[in-house]
Every structure is written in structure tokens, then in C-alpha cells.
Amino acid sequence: MWQKTNWHGAFMKAFSIVALAASLFSVSAQAQDLSIEHTQYQLDNGLTVILAEDHDLPLVQVNVWYHVGSKDEPQGRSGFAHLFEHLMFQGSENQPGEYFEPLQEVGARVNGTTNSDRTNYFEGLGREQLPLALWLESDRMGWLLGVIDQGKIDNQREVVRNERRQRYEIPPYGEVWPDLMAEVFPEGHPYHHPTIGSHEDLEAASLEDVHEWFGTWYGPNNASLVVVGDFDEAEARELIENYFGPIPRGPEPEVTTADPVVHESETVVRRVEEGVPYDKVWIAWPTPALFADGDAELDIVSDVLTGGRSSRLTSALVYDQQIAKSVEVYQYSRYLAGVYMVEATAAEGHTTDELVAAIDEVLAGLAESGPTEDELAIAVANVEAGFYGGMNTLAAKADRLNTYLFTAGTPDYLQEDLNRYLAVTQEGVQAAAASLNEGRVVFHVTPEVTETNTEETE
Amino acid sequence: MRSISLVLLLAACAPKSVEPEVSVEPAFDRTSQPAPLERSEFALPVAVTGQLSNGLNVTLVEDHSMPMVELSLAFQVGGWSDPEGQYTLANSAFDMLTEGAGELDAAALSTELRRLASRLSSGGGDDGGSISLTTLSRNLGPSLDLMALTLLDPTFSESEWEIKQRSALQNLAAVRSDATKVARRIAANVMFGDVYSGRLSTEEQISSISVEDMRSWWAVNGVAANANLYVSGDVTLDELLPMLEERFGGWEAGEESVAPEYTLSDLSETQIHFVDMPGAAQSVFRLWSSMPNPSADGYESVRLGNQAFGGMFTARLNMNLREDKGYTYGANSWVNWDHGPARWELGTSIRTDATVAAMNEILAELAAVVADERPLTDNEIERGRSNIIQGFPGRFERASYMLGQLSSMWRYDLPEDWVDGYIARAESVTSDQARDAFSTHIASQPFSAIIVGDWATVGEGLSELGLSIHHLDVDGNTVERAVPESAPEEVDEALSEE
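The residue numbers shown here count from 1 along each chain, following its written sequence. Numbering of ligands from 1 and lettering of chains from A proceed in the order in which they are written. In view of the model being predicted, local features appear only for residues whose pLDDT reaches at least 70, and side-chain atom pairs are presented and counted only at 80 or more, with totals across whole chains, interfaces and linings using the full set of residues.

S.K.: Can you break down the overall build of chain A residue by residue, with the values?
M.R.: Helix and strand definitions here come from DSSP, where helices need a minimum of 4 consecutive H or I residues and strands a minimum of 2 consecutive E residues; each element is numbered from the N-terminal end. The helix and strand tally for chain A stands at 17 helices and 11 strands. Atoms counted for the radius of gyration: C-alpha only. Globule rule: 2.2 Å times the number of residues to the power 0.38. Taking 2.2 N^0.38 as the reference for a compact globule, 458 residues should give roughly 23 Å; the C-alpha atoms of chain A span a radius of gyration of 24 Å, in line with that estimate. Viewed in the frame of its principal axes, chain A has a C-alpha envelope of about 65 × 55 × 40 Å. Here a residue counts as buried when 20 or more other C-beta atoms fall within 10 Å of its C-beta, as exposed when 12 or fewer do, and as partly exposed in between; the C-beta atoms come from the backbone. Taken across its 458 residues, chain A has 53% of its residues classed as buried. Relative to all contacts within chain A whose residues are 6 or more apart in sequence, the contacts with residues 24 or more apart total 79%. A pair of residues counts as a contact when their C-beta atoms, built from backbone coordinates, are within 7 Å of each other.

S.K.: Kindly report on the nonpolar core, identifying the contributing residues and their values.
M.R.: Of all hydrophobic cores here, the largest spans 195 residues; its most connected members are Ala 284 and Leu 317 of chain A. Considering each element in turn, this core owes the most residues, nine residues, to helix H6 (residues 179-192) of chain B. Beyond its immediate stretch of four places on either side in the chain, Leu 317 of chain A contacts Ile 323, Ala 324, Val 327, Ala 344, Leu 355 and Ala 358 of chain A. Counting 59 residues, the second largest nonpolar core, distinct from the first, contains Ala 90, Leu 113, Leu 146 and Leu 149 of chain B. By our criterion, buried Ala, Val, Leu, Ile, Met, Phe, Trp, Tyr and Cys residues that link up through C-beta atoms within 7 Å make up a nonpolar core.

S.K.: So, the confidence of the model for chain B: which residues are in play, and what are the values?
M.R.: Residue and element names in this part refer to chain B. The quantity known as pLDDT measures the predictor's confidence residue by residue, on a range of 0 to 100. Confidence in the prediction for chain B averages 91 pLDDT; 92% of positions are at 70 or higher. Every residue in residues 1-26 is under pLDDT 50, and counting partners more than four places away or in other chains gives 20 contacts. Confidence over residues 487-498 falls short of pLDDT 50; this stretch has 10 contacts with residues more than four positions distant or in other chains. Scored as a whole, the predicted complex attains pTM 0.90, and scored at its interfaces, ipTM 0.89.

S.K.: Break down the domain arrangement of chain A for me, with residues and values.
M.R.: By convention, interface size is frequently given as the accessible area that disappears when the constituent parts associate. Residue and element names in this part refer to chain A. Delimitation of the domains relies on an automatic or database domain assignment. Along its sequence, chain A is carved into domain 1 (18-244) and domain 2 (267-457). Just the C-alpha atoms count here: the centres of domain 1 and domain 2 sit 29 Å apart. With 36 residues of domain 1 at the contact, the number on the domain 2 side is 32 residues. Secondary-structure elements contributing two or more residues to the side of domain 1 that touches domain 2 are strand S2 (48-53), strand S3 (59-66), strand S5 (119-126), helix H6 (176-184) and strand S6 (223-229). When residue character is reported, Ala, Val, Leu, Ile, Met, Phe, Trp, Tyr, Cys and Pro are called nonpolar, Asp, Glu, Lys and Arg charged, and the others, Gly included, polar. Along the lines of polarity and charge, the residues of the side of domain 1 that touches domain 2 split into 17 nonpolar, 13 polar and six charged.

S.K.: Residues and numbers for the domain arrangement of chain B, please.
M.R.: Residue and element names in this part refer to chain B. We note that the domain assignment places domain 1 (47-248) and domain 2 (271-495) within chain B. Counting residues at the interface gives 28 residues for domain 1, matched by 26 residues for domain 2. The set of elements that each furnish at least two residues to the side of domain 1 that touches domain 2 consists of strand S2 (57-62), strand S3 (68-75), H6 and strand S6 (227-233). Here the element with the most residues in the side of domain 1 that touches domain 2 is H6; it accounts for 11 residues. In terms of residue class, the side of domain 1 that touches domain 2 is built from 15 nonpolar, eight polar and five charged.

S.K.: Which residues make up helix H17 (residues 455-463) of chain B, and what values do they have?
M.R.: Taken as a whole, H17 of chain B has its buried residues at Trp 455, Val 458, Gly 459, Glu 460, Leu 462 and Ser 463 of chain B. Elements that come into contact with the buried residues of H17 of chain B comprise strand S7 (271-276), strand S8 (282-290), helix H12 (355-370), strand S11 (448-453) and strand S12 (468-472) of chain B.

S.K.: I'd like to hear about the environment of Ser 198 of chain A, residue by residue, with values.
M.R.: Residues and elements named next belong to chain A. Mapped onto the secondary structure, Ser 198 falls in the loop between H6 and helix H7 (199-204). Sequence-wise, Ser 198 and Arg 161 are 37 residues apart; in three dimensions their C-alpha atoms are separated by 8.5 Å. Each residue touching Ser 198, except ones within four places of it in the same chain, is listed here: Ser 78 and Gly 79.

S.K.: Residues and numbers for the interface of chain A and chain B, please.
M.R.: Taken together, the contacts link 70 residues of chain A with 68 residues of chain B. Taken together, the elements giving at least two residues each to the side of chain A that touches chain B come down to helix H3 (100-105), S5, helix H4 (130-142), helix H5 (150-169), helix H9 (233-244), helix H11 (312-320), helix H13 (373-389) and helix H17 (451-457) of chain A. Among the elements that take part in the side of chain A that touches chain B, H5 of chain A stands out by supplying eight residues, more than any other. For the side of chain A that touches chain B, the class distribution of residues is 29 nonpolar, 23 polar and 18 charged.

S.K.: Outline the environment of Pro 58 of chain A, supporting the account with residue identities and numerical values.
M.R.: Among the secondary structure elements, Pro 58 of chain A is positioned in the loop between S2 and S3. The sequence separation of Pro 58 of chain A and Leu 125 of chain A amounts to 67 residues, and the corresponding C-alpha distance is 8.7 Å. Among all residues touching Pro 58 of chain A, those that are not within four sequence positions of it are Gly 126, Arg 127 and Asp 230 of chain A together with Ser 40, Phe 42 and Pro 393 of chain B.

S.K.: Requested: an account of H13 of chain A, with residues and values cited.
M.R.: Look at H13 of chain A: 25 Å from first C-alpha to last across 17 residues, which is about the 24 Å you get at 1.5 Å a residue. Turning to H13 of chain A, its buried residues are Glu 375, Ile 378, Ala 379, Val 380, Asn 382, Val 383 and Ala 385 of chain A. The elements touched by buried residues of H13 of chain A are helix H10 (295-306) and helix H15 (414-422) of chain A together with helix H3 (106-115) and strand S5 (129-136) of chain B. What a helix is expected to span follows from its residue count: subtract one and scale by 1.5 Å.

S.K.: Account for the pairing of strand S4 (residues 109-114) of chain A, naming residues and giving values.
M.R.: All names here are of chain A. Bridging between S4 and S5 involves six bridges; their strand directions are antiparallel. For Asn 111, the partnering residue across the bridge sits in S5 and is Phe 122. Note on pairing: DSSP must find at least two bridges between two strands before they are called paired. In this structure, the hairpin formed by S4 and S5 is closed by a connection of four residues.

S.K.: So, the sheet that holds S12 of chain B: which residues are in play, and what are the values?
M.R.: Spatially, the six strands line up as an open sheet ordered S9-S10-S8-S11-S7-S12 (chain B), and their pairing is mixed. The open sheet has two free edges, formed respectively by strand S9 (328-336) and S12 of chain B, since each of these has just one partner strand. Strand-to-strand twist across the sheet, computed as the mean angle between neighbouring axes with direction ignored, equals 15 degrees. Under this scheme, a helix contributes an axis fitted over its contacting stretch, all axes are lines through C-alpha atoms, and angles between N-to-C directions fall in the 0 to 180 degree range. Sitting on the sheet, H5 of chain A touches S8, S9 and strand S10 (343-351) of chain B, and the angle it makes with S9 of chain B is about 70 degrees.

Here it is as C-alpha cells:
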């Protein structure tokens, strides 16, 4: 699933054969129940391009993915993929100033995000500003390094460290997630460290690292460009060739891989923490990667457990036994592996140990006899409705096309993605529930009782 | 003009190695910002309206791109109507509407909705509440049946409320331990005092609310005269109205509840309200001051001036505190209004050791705008204006945005052309007006700064700014706090008194 080359072996060389390419690769809306009509091709330098016209409003969305994330960071450079993303907004050789400036001037919605697997950059603008977006995206893909200096690195390093404080250090329980992931994924696993990185590693980032990262990962052959919205295909193709065509192909980066993670036994972490309001527990299992076998079944397990007021875990813990304030179950599926998570907050006067025992009982019941026919049908129907709801902006469509391209190897995966859920059986859900065994991490957090907060709660 | 000078400047710098090798049109030049393509006309989404026999107004924006319908029954009565000592009664009542209705208990109601793959939720705030439904268009009828049931025959079950009440009490503890939430809560309290959104919920108040109180509140306030129905999605008005009349037409019209007008606390001088959170990695800032209301002269001018000062990523405030100094992940300012008068607000989270420096920068930026030392430039204001105008169409990707604007117009009695006249209003303000208005109404006025942070680290420096500092606990109660001791050579006895 992670090959960098030959995903699109049959693709046209772009530009000169527009009409033919369109007829071969556009996906007919009538052919399938659920699809995003689009055209896909590749430039000579390896840049994959996906175009999806949508003329409802005079808007376009440009979305670029680079196939690199925090999983690809070397030892001692945690947080670098994200720091680099910040530097991508600091100017390029032909637009040496802030990238936000020309974009905000035309009312664009602009941002970039980094996760463990990929880095993306996107802007939504009026249709007339498509050349501006393509110019900027191509300029930082091809002409970035000339303007990045130590001062910009020092400044954005501080910004990112503030982001770390704001997202992880100020909110109660903020540092549980990275610490929990570090327990689930052992030392050396690409997901062991968090995308935000550590202060220490961020401080160590250098200009040399910037050059190396850009040279290794930011070639057009390691990226894909999606344009969705109100544009003319021929015009867009010409602009894309002009702007991105001259960028030289980069090296083929070595694909980061990981062996499946198996926990032979249970790991229990108990933490007493200042400044948190409740007793909370997280139970985490390593699970299959996104779209791998078993991934859809586990999503259905989540719905059966906490999909509504009468779902199994919610009704048992929150309403019948009243030992939990809330309980949530979800799967965080990524490219190399997933994590299955139960997150429960104790009701006043109850302990996280009580919660774990009650959760285990419910899980055992589902593993023992599987979901009812009714539970499965309801879960699938709600997942299906979620597919419609998640597609109502150009930004969502564009990012979905890139998600499918990178993960499934084709942007044309929407119907198949839904079909995975439609094909789930009661037996499959039962087996998935049974896989949530003792090979897991249980992470308890208890508030530290100080004199001050004792007074407050009395 | 700008792009021409860039070409001249940069043409020589373009690296040779990256000259296009493929044949491209000779006119193509990557060294300058490209000209826009032809603009096409943007038309606002069309909202159509109808009325049920009980007077309930229905507004629909059709959108047939997905087989879904979204409805929001919006109420213009909310927390402002809470009786003395029972703050959050209205919120609690809204919350409980969907926890059992008619013959269905909460669990059965949830199951029926999930069978239809529909989501029904309810909730409230200080200015209103809503019951919202998202459903597949093919399941609209049976989903509306359930929505109508929650509206016409809510149970207000005692046992469900016990669980929610306990949860609400726990939520209070969560609010107190999150610096960002504390700052927001205290800012409202400092602004309004102990009325409206300035009231702080307490254990006592939450505990005093009973299901009987909710029933009484709902009997008076849960009436059609207080509501409007907003719908978007895959349905036409001709299909919709008969379905609604059948289910909602018999709902009591009742009498409209009218919100009082609230005023802001008077500010005679700029002041700091400090809440101590020992060990905090950042100081959370919330600033506010008064400004003209949306219907008053000067509102649009202040709004445009603010866009240039702190309303965008590239505005002065963020460019200074984030992109130049690296004190924060982001800083911005905005205009805000509700049933209370309009105010200008600023928010940011500053790394602890830069707290005093950041406060100084904010003061200096405001002073510079006033003193004509660095007035907002035409260029900054035009960029702000362009951002507002050109960004307008992008807000309408979701029909819910248009409906949100329409419901605000109704809730707050905004002018009829609030949406239609949006661009014209932004165009009508001159640069001079924006510059002067921001200077007169905002930058030269006193403001309140709520800062939640680590007093032991920042206290001494803040005390040296010469601003009055009021110390509060996380519940807004006044407390005494001494200026922390620091390295002896830095102690200034004269300034360490409040």
C-alpha cells in the first residue's frame, strides 16, 4: 500500500492528450452509487494530479499532499515534519514573504497540517484565483530553500513550541495521548513518538535538517495535487503543467515500514496528575492499518459499544450501573497500524478500576455471542449516513481524494470504502471484539488531591 | 503594481537550473504573482419561506447534492430567561428535550432514531436554544415524527436528570481546571457582572434545578412564538410544508419572550484581572473593550480597522507576537455582540516567560495606532477589506451558514439587508474612517485584560506595568495576592504594592 511508484502505471503523460485522458479516466457518476467524478494523470516529473470539477459555486479548492509525516523522522528530530510544514509558509524564491499574505488578500481559507503519515497544504479561493494557488504551491515545491534561513527556523521553532504548550500542556489530560501512544508503539516504531515532538528535539533542528528533509521528501514524485471546484479542465491542466512541470523529480524516498505490534500481555500505567478534574482511564489495543482486513469490523464494534444512548457500553456504564460520567470508543486508524481506544471518565465516587472491570464484562459478552442482527443493521446504516454527511465541502472532497490515493492507491475508492462496511457480518464483528484481548495498554489518571482543590470541591 | 516591481527585483534571482525545459507559452512567467482568471458572478443561496397555521415561520435553502435534510428549530429564548439562583435552567431544559418523549424513554428514542440513521439533538446557550435533526431525505417523515414528539411531549424524566445533573456538576470541575475555559468564563463575568453570560454557574445553582422547574419554564417559553424553523437539503418547500403542518401545526403559538437589554461594566481605566494557575506553561489572555453596536455608526469602520489590526493571520498583532517574536502560536482580535452591547475582544496564549513582554507589545501596538506613530496604512486596510469581500462566497459552501445568518437577523433584530448588503457595507467604509474609528473607539479606550497564568513567574513584571491588577480565583471571587518575590536585585519596593 505504500509503494511510491507504479501506483498509476497506466496514467497518461499529461497535457497534450487532454480529451483522451478525460474519457478514459473520468469516473462516471452513474456507474456507481457513490463517487466523486474526477480525472487523474501524472506529470513527467512524477507529480500525481487529480481534477474534480464541481460548478455549484464559483470556488476552487487546491490540496497538496506530501507523502511524509512524523513516522519518517530520524532519531532526535521528533516534531521536525511539522516544523517543516510551518517553514513552508515562510516564503519561497518567487514569493519571498509570508504565504498567508497574498492568499488572505483574496479571502482564501488557508492552512497546512501534519500527522504521522503525511503533510498537507490547502487553500480554498474564488475560481479566478486558481493560478495564484497553483503558483504558490508549485513555488514552495520547487523553489523553497533559497529563502529559508536560521532566523525563520528559530522563529517557527518558538511558534511550534507554543503550539505544543497550547495543545498538550495547558489542557487537562493533554499529555496523556502522546504518552499512551508511546506505550502502545514500542521504542523504534515510527508511531512511538508524537507528531508535535519534544522541546528538546525541536531545539536541535537545524538549517541542514531543512535542506535534507526537503531534498529527500518534497519532490513532485512524492506528492499529489488535487484540485476540486469550479474550473475548466483544459485550463487547469495547462496551468499545472506550466507551474509544476519544470520542477525536477526528486529521489525515490525509502518507504518507512513497521512490523505489526503485538502486546503479549497487559501493560498498566497509573498516573497521579495535578490539574485534572476526574479519574479517567484509556484502554488501547494495536489494531490493523486503515483499510486493512478487520479495520471496518472494528469500526462497527465501536458503534455497537457507544453508538447511542442504548448502545452496550453507554447503557451499562453510564445509565445502568452509573459508574461512568461518559464512555467513548473509537478506532484511530493509520497507514502502518491502528489503535483501538476505549476512553472512560468515572462518575463521582467511582474508580477507574471499576470502569475497567465493567468494560471487560461488556467486551466479553460481545466476543462471546456477537452483535444481534439489529445492532449490526443499525450500525451499518449510521456509518452509511456518515458518508454523505462528510462530503459537503470542496475541502472535504479534496482531502478525501488524496486520502484514498495515498492509502488505497486510488482516489476512486469511495464506494469501495463504503462497501467494506456493507459487507461486515455478525461473525466478523464477533471476531473483531474477541481480538480486543489482554494484549493492551491500560492508562489510569487520577487527580492529585491538594489542599486547594479539596477546598474548591467542598 | 506590486507584481511588476517584484518581477524586476526577482527575475535576476531565478535559479537557472529550474528554467522550464518543456515548451510552454512564452508569456508564462513564474517570477511574479499571476493575474486572476475571469471572475464569475456569485449569487447568494436562495432562501424560501413559508408559515404554519400557528404562525411558525419556516425558512428553506434547497441543496440536492446529497440525499440529506438538516433542520434546526431555533428558539430566541435562552439562558437570559433563567430565574434568579437557577442559572443554566434553560440550558438544562433544552438538553432534556431529547432524553425521552411521549411513550419513548431516552433509550428507546435513541434506538428509533438510529434505526432511521438520523441524529436528533437539543441544547441551549445564553441567547437561545435549538432542536436539530439530521436525516436521510428518504427518512424525513418518520424522523420528523420523533422530532415533533420531543417538542410537543417531552418527558423531563427525573432519573435522566439525576444523571445529567451529576455530570453537570463534574463539568464545573473541568471548567475550573482548564486555563482557556477559565479565561473565557472570567472575561464574561468581568464584562457583564453577575447577569446574563457573566453569571457563573455554581454547584448550588445546578443542584437547585428540578424537572418541575424545567416543565414550568418550558410551558411558558417552549412555544411557537419563540421559534423559527430553518431547513436545508434535499427537499422542496412544497414537499416540506404539509409534512410540517401535520406534525407541528398544532403546537401552541404562545407569547413571545423578550430579552432584556444588558450593559457592559464601565471601564474607567485599563486594568488586569489575574487568575493564578501555578505552574502554567502559558498565560491565557482575553481582552475586551466597548465598541459601537452593529446598527450604530462606526461599527463597520471599527470592524474593518480591526481586520487590519488583529483580524487576520497577517494582521499586525499576529505578525508581531507570533511571526516576529515567537511568543505564541497565534493572536487575534475580533468584534462580538449578542444581547449585550458590542465589544472588541482579543485572545491569545503566551508562553509564560514572555507574558510581560507580550502585554507590553499589545499596549505598544494599540498606542502606535493612536499616536500616529504607525497608523493603520491604506495598504493594510485594503488587504483587510479585500479579505472580507473576496472571502464572502466561500462561507456559503454549507447551507447552514446562510441559515445561521438568517437566524441571527431574527434573534438580534438585525437590519433586513444584513446578508444582502454585506459586501456593499464593507465597500462603503473609507480607509480614513476605518483608521479613525479603530483609533477612537478601540485603541485609545481603556480595556480589561483577563490573564490566567502562573503568578509566581509573571507577577512581578505585570505589577511593574503601572496598571491596576485585580486578583480573582477561578470562580471570579476577589482574592488577595502579594507580588511574588524574585531575585533580590530586581525587587522594587515602591512597585510591589498594589
